[in-house]
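Residue strings, one per chain:
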Amino acid sequence: MLTNYLKIAFRSLNKHRSYAALNIVGLGLSIACCVLIFMLVRHHLTFDNFHKKGERIAVIGTESRLETVTKENNVPYPMGAALRQEFSFLEKTAMLSARYNSLITLEKPGSAPVKFQEENARAFAEPELFEFFDFPLLQGSFDAFKQPNTAILTEKLAEKYYGSTSAAMGGTFKVNNNLEYRIVGVLRNFPTNTDLGEHSLFTSWATLVADSNSVRALRNWGGIHGGTRCFVLFREGHSAAELEAVFPKFRDKYFHPEVREWWYHALPLQQAHFDPDYGFGTNKKQIFALALIGLFLLLTACVNFVNMATAQALGRAREVGVRKTMGSTRPQIFWQFMAETGVIVTFSTAIGLLMARIGLPFLNELAGTELSFQFGQDLALYGFLAVLMVVSAFLAGAYPGVALSGFRAVESLKGTPVSGVGGAKKSGLSLRRLLVGTQFAISQALIIAAVVVTAQTEYAHKADLGFRQEGIVTVTLPAPEDEKKTNLKHQLERLPGVQKISLCFQPPASDDNWNTSLQLQGRSKPEPWPVNYKFVDTAYLGIFEMPLVAGRNLQASDTTREYLVNEEVAHKLGFADPRDLVGKMLDVDHTVLPIVGVVKNFHNQSFHEGIMPQVMTTAKPMYSVAAIQIHMPNAPEALAGIEKVWSGIYPEYVFERTFIDERIATFYERETVILALVRLFACIAVFIGCLGLYGLAAFMVNRKSKEIGIRKTLGASIAGIIWLFGREYVRLIIVAFCVAVPLTWWGMNGWLQGYAYRITIGAGIFALSLLATFILAAASVGVQSIRAALADPVRSLRSE
């Protein structure tokens, strides 16, 4: 029986090739998207779940309760030692402190030193970190890692530096042309589903302890170095809730007088990946939104199948009549059509897997992942595909199978079935209206979402940030010697194409910020809000075109002598007129100096955050960046000259340069990924939806062929007949629009709440979506409608 079903199914599909091709393409696309989304969602849901002791591990976070509450997963340096001393229910604690932009130098006898600039690879770590995380050693010993000036690296980095893991063992390297480290272990490469995978080079915590310059920092509860984290391992039977209960007393014992508003929390590791505050910040709502989009795409493709299957129904009515006359039962006919659906789904799955494999590198590049197909061992993927095929087959084939098998034999042989699709005209058509209306609603929702994300991203990129971005390149100043900084500036100023130069700690907008407290002289206590502290020279305001609203610029000085503040400082201090603040004495980080000027507000972070209070002062030893304004038509020559001068002064370092607008673009990397994914899936949903419109048009043309013939015989115009079809789509589009708008507005408005500065979702966005839907609908069904309007009425009326 099954062989007979399949044989007839192949014959039928071969006869209706265009019908089969459209269904296979639509279902294949949706299955490809579902597979890719499944892999991405699974990747995020399995983060750090491979640690055997994972349920007993927690990460410590810090909550700052100032004027606004801020939360982060960084802690003061002494946290690990204090927790280890205080609580016996903690089996182990481990500190990890990231170090960014590390220069790694390998010196080999008889050859020039080899240098690598590692942006995020290095971190100081306590050896206990590897005792409760499952990151196994390939070679070496964790005991040796307890000694100062030792290092452990991953096999990938070992091969990069030394060519092989065995060659790396015992090797030495220098960090920032200073301390030399000896490699005592090589780790197996980290899985891709771990939040600790950003680091691949670990230098021993004992190195910090042995460094006299770090002793004070290791005992300081009054500051947090970015990227410094504390992990704890609970003994059996204990949990994060127990540590949470005793943290208030712990805080009272270990605090700094100036940071009494800091509170500590313990977050279970298995929750950390999706925690936006104390964890690692992956947005769980966006992950599940992707899963929902995958379901919508599958439903859309199945709706297409139903539409096109029922559009073919009248053409297969006599086939059903003959089968029933020859003795076929309704279940047999139903399973015959299900067999056809199964064949289509099987071909669609094969094509979908091929599409997914082709598209996976694009997804990896877009989402920053390293996903891969493991067809020989990925049982979860096989299980997902099996469920997907069964669900697709029944969603797509059940209704057409029931409807077609319900035709009555006599009427079917006459070509006028009175049950199923043909007879239940109103109910059948209502179902198709519902299905296609749902397609329209999904398509319009994705179009609106794509437009909103695009508009917000464009707004963030093009908005006035309060300073000049164009034509300014930044280079690092790695050496602490002030003479080299002065020499670099003088040599760069003589280069053709270089217009202005400023030495500073960081440009106006940067991820590297120094936040501290301030106190206006005469007030009893510091202000309950942080201030962003910037070290700049006198050229800073000019190169970034930052206007003063009161007072004057800083005077040239190598040391800290006076302050500039922004308007936000004046506002928060209660000064309606910024000019009244000029001349006041301000205590910033225990340094009391006069305010000499007030700068117009500018953004120092992404639009997710509000404008921060800013304080600027001179301090030559703190300058770590040179901001250089170049003449853009001569940019290649100017950049080559800058690199040559820089390399001549700092030959032992690696030259790096970044344009200001490139720095700002990194603020919105997440939005760029979201935008690309939304656009991609919107295009796919629209394409699949267009196939559905084609199916509905085919059904309507088939069903109304005699009506069209009569209308043309009675003098109906071509435009009138086209409108006969068009009004059906207009109604569906408008109804779908009314459903999609409130739901999409609610969802996207919630997404925009993550921005302190955001666009308003106006009527224009919805109008654009509606117009786009009308255009796509017209393009999809126009050919069918025009063909029906131009058809010879004699053919459609011949049987009458």
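Please refer to the structure placed before this passage.
All of the points below concern the structure found in this document. Everything numeric here is computed off the predicted structure, so don't read it as measured data.

About the criteria used
- Residues numbered from 1 in each chain as written.
- Predicted model: local features only at pLDDT ≥ 70, side-chain atom pairs only at ≥ 80, totals over all residues.
- Heavy atoms only, no water.
- Helix = DSSP H or I, 4+ residues; strand = E, 2+ residues; numbered from the N terminus.
- Buried < 20%, exposed > 50% of the residue type's maximum accessible area, 1.4 Å probe, protein only.
- Polar contact = N/O pair within 3.5 Å; in protein donor to acceptor, adjacent residues only side chain to side chain.
- Contact = heavy atoms within 4.5 Å.
- Pairing = 2+ DSSP bridges.
- Axes fitted to C-alpha atoms, helices over the stretch in contact; angles between N-to-C directions.
- Salt bridge = Lys/Arg side-chain N within 4 Å of Asp/Glu carboxyl O.
- Parallel < 35°, antiparallel > 145°, perpendicular 65-115°, else oblique.
- Left-handed = near helix turned anticlockwise from the far one by under 90°.
- Patch = residues over 30% accessible without salt bridge, like charges linked within 9 Å, V, L, I, M, F, W, Y side chains within 5 Å.
- Areas by Shrake-Rupley, 256 points an atom, 1.4 Å probe, with all protein chains shown as cover.
- Expected span 1.5 Å × (residues − 1).
- Bend = angle between axes of the 7 residues up to and from the residue.

## What to know about the side chain of Arg56
- Looking at where Arg56 falls in the secondary structure, it is placed in the loop between α2 (17-45) and β1 (57-65).
- Overall, the relative accessible area of 14% leaves Arg56 in the buried class.
- One polar contact links the side chain of Arg56 to the main-chain carbonyl oxygen of Phe234, over a distance of 2.6 Å.
- When sequence neighbours within four positions are dropped, the list of residues in contact with Arg56 reads Glu91, Val232, Leu233, Phe234, Arg235 and Glu236.

## Remarks on the sheet that holds strand β15 (residues 498-504)
- The antiparallel open sheet is built from 4 strands, whose spatial order is β15-β24-β14-β25. Across the chains shown, the open sheet's two edge strands, defined by having one partner strand only, are β15 and β25 (657-659). Each neighbouring strand pair of the sheet contributes to a mean axis angle of 25°, computed without reference to strand direction.
- The sheet strands contacting helix α18 (residues 482-493) are β15 and β24 (625-630), and the helix crosses β15 at an angle near 165°.

## Some remarks on the pairing of strand β23 (residues 614-617)
- The alternating pattern of β23 places Gln614 and Met616 and Val615 and Thr617 on opposite faces, both of which are buried.
- Note that strand β18 (residues 531-535) and β23 share 4 bridges and pair parallel. Across the sheet, residue Lys534 finds its bridge partner in β23, namely Met616.
- In terms of strand pairing, strand β20 (residues 563-566) meets β23 through 2 bridges, oriented antiparallel. Directly across from Leu564, in β23, lies its bridge partner Met616.

## Quick look at the pattern of salt bridges
- Per the counting criterion, the structure on display carries 15 salt bridges.
- Here Lys92 and Glu131 are joined by a salt bridge, their closest N and O atoms 2.8 Å apart. Of the two residues, Lys92 sits in strand β3 (residues 90-99) while Glu131 sits in helix α4 (residues 129-132), which places them 39 residues apart along the sequence.
- In this structure Lys92 comes out as partly exposed when scored by relative accessible area, which is 23%.
- You can call Glu131 partly exposed: its relative accessible area is 32%.
- Glu198 is paired through a salt bridge with Arg229; the nearest N and O atoms lie 3.5 Å apart. You can see Glu198 sitting in the loop between β10 (179-187) and β11 (201-204) and its partner Arg229 sitting in strand β12 (residues 228-234), a full 31 residues away along the chain.
- Arg229 sits in the buried class, given a relative accessible area of 11%.
- Each of Arg56, Glu91 and Glu236 takes part in a single network of salt bridges with overlapping partners.

## Observations regarding the packing of helix α3 (residues 79-86) against helix α9 (residues 240-253)
- For the pair α3 and α9, the least separation of the axes is 12 Å and the interaxial angle reads 110°. Between α3 and α9, the interaxial angle falls into the category roughly perpendicular. Pair α3 / α9 crosses with right-handed handedness. For the pair formed by α3 and α9, the contact residues are Met79, Ala82, Leu83 and Glu86 on the first element and Leu243, Phe247, Phe250 and Lys253 on the second.

## Let's talk about a nonpolar patch on the surface
- A cluster of nonpolar side chains, contributed by Leu292, Leu295, Phe296, Leu299, Val387, Val391 and Leu395, occupies part of the molecular surface with about 540 Å² of accessible area.
- Breaking the nonpolar patch down by element, the ones donating at least two residues are α11 (284-311) and α14 (379-405).
- Broken down by element, the nonpolar patch gets its largest block of residues, 4 residues, from α11.

## Some words on unusual backbone geometry
- If you check the backbone angles, Asn149 has positive phi at about 55° while not being a glycine.
- Locating Asn149 in the fold gives a position in the loop between β7 (137-140) and β8 (150-154).

## Things to note about α9
- An ideal rise of 1.5 Å per residue puts 20 Å on 14 residues; α9 measures up with 20 Å between its terminal C-alpha atoms.
- The largest bend along α9 reaches roughly 45° and is located at Phe247, with the proline Pro248 sitting one to four residues downstream.
- Residues of α9 that are buried include every one of Ala240, Leu243, Phe247, Phe250 and Arg251, and no others.
- Against the buried residues of α9 lie β1, α3, β12 and β13 (262-268).

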